[in-house]
Amino acid sequence: DRRLAQTVKERLVKRTCVLSCGCWVWLGYVTCDGYGRIQVDGRSRETHRVAYELYNGSIVDAAEIDHTCSVRSCVNPEHLQAVSKSTNSKLTALRGRLSNQTKTHCKRGHELSNDNLYVYKTGRRMCRTCHKSLMHSNRHYK
């Protein structure tokens, strides 16, 4: 199998687009929260954590990986730093990242308005356009 012959680092680099701002944006699977995922040793892992480990070494227990660029799908190791949960929360607030409850547009640019807003029972919000697309794509894999 060709995929097994490639190292994790090769797969990570192959599915990345380098932007002029310096971000290495993951082009593979991205969660609804905007984080990339990659299969490593048979399990799905967040790409930014994998990239950090590949280039910077192991992650200390309970550390979170902060994106200094605020781009969740970025895997540039120079944009990633290991920090505590409280530090990550403070940095997020300082950088003015929007919480899901205050966002006006989804990560794909669709407006989160009454006509295009789906609210789960848990309170999680998603644009209807993306929700319909997700539901449609899931039907093909069942």
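Residues numbered from 1 in each chain as written. Predicted model: local features only at pLDDT ≥ 70, side-chain atom pairs only at ≥ 80, totals over all residues. Heavy atoms only, no water.

Quick word on the overall build of the protein
Applicable threshold: Each helix corresponds to a stretch of at least 4 residues labelled H or I by DSSP, and each strand to a stretch of at least 2 residues labelled E; elements are numbered beginning at the N terminus. Relative accessibility under 20% of the residue-type maximum defines a buried residue, over 50% an exposed one, and the middle range a partly exposed one, all with a 1.4 Å probe and only protein chains included. In this analysis, two residues are considered to be in contact whenever any of their non-hydrogen atoms come within 4.5 Å of each other. All accessibility values rest on the Shrake-Rupley procedure with a 1.4 Å probe; residue burial counts only the protein chains present in the view.
Looking only at helices and strands, the protein has 5 helices and 8 strands in total. Start at the N end of the protein and walk to the C end: the helices and strands fall as α-α-β-β-β-β-α-β-β-α-β-β-α. Counting every position in the protein, which comprises 142 residues, the buried fraction comes to 30%. The contacts of the protein with a sequence gap of at least 6 include a subset with a gap of at least 24, amounting to 38%. When the accessible surface of the protein is split by element, carbon and sulfur atoms take 51% of a total near 9600 Å².

Details of the state of the cysteines
Here is the rule: Sulfur atoms of two cysteines make up a disulfide when they are within 2.5 Å.
Taken as a whole and judged by the stated rule, the model has 0 disulfides. Cys74 carries a free sulfur, and the closest cysteine sulfur to it, the one in Cys69, is 3.8 Å from it.

A few points about the nonpolar core
Short version of the rule: In plain words, nonpolar cores are sets of buried Ala, Val, Leu, Ile, Met, Phe, Trp, Tyr and Cys residues tied together by side-chain atoms within 4.5 Å.
Ranked by size, the top nonpolar core spans 12 residues in total: Leu12, Trp26, Ile38, Val40, Val50, Ala51, Tyr52, Ile59, Ala63, Ile65, Val75 and Leu80. If you list the elements that add at least two residues to this core, you get β3 (37-40) and α3 (47-56). Looking at this core, the element that brings in the most residues is α3, giving 3 residues. Counting residues in each nonpolar core, the second largest holds 6 residues, with Cys106, Leu117, Met126 and Cys130 among its members.

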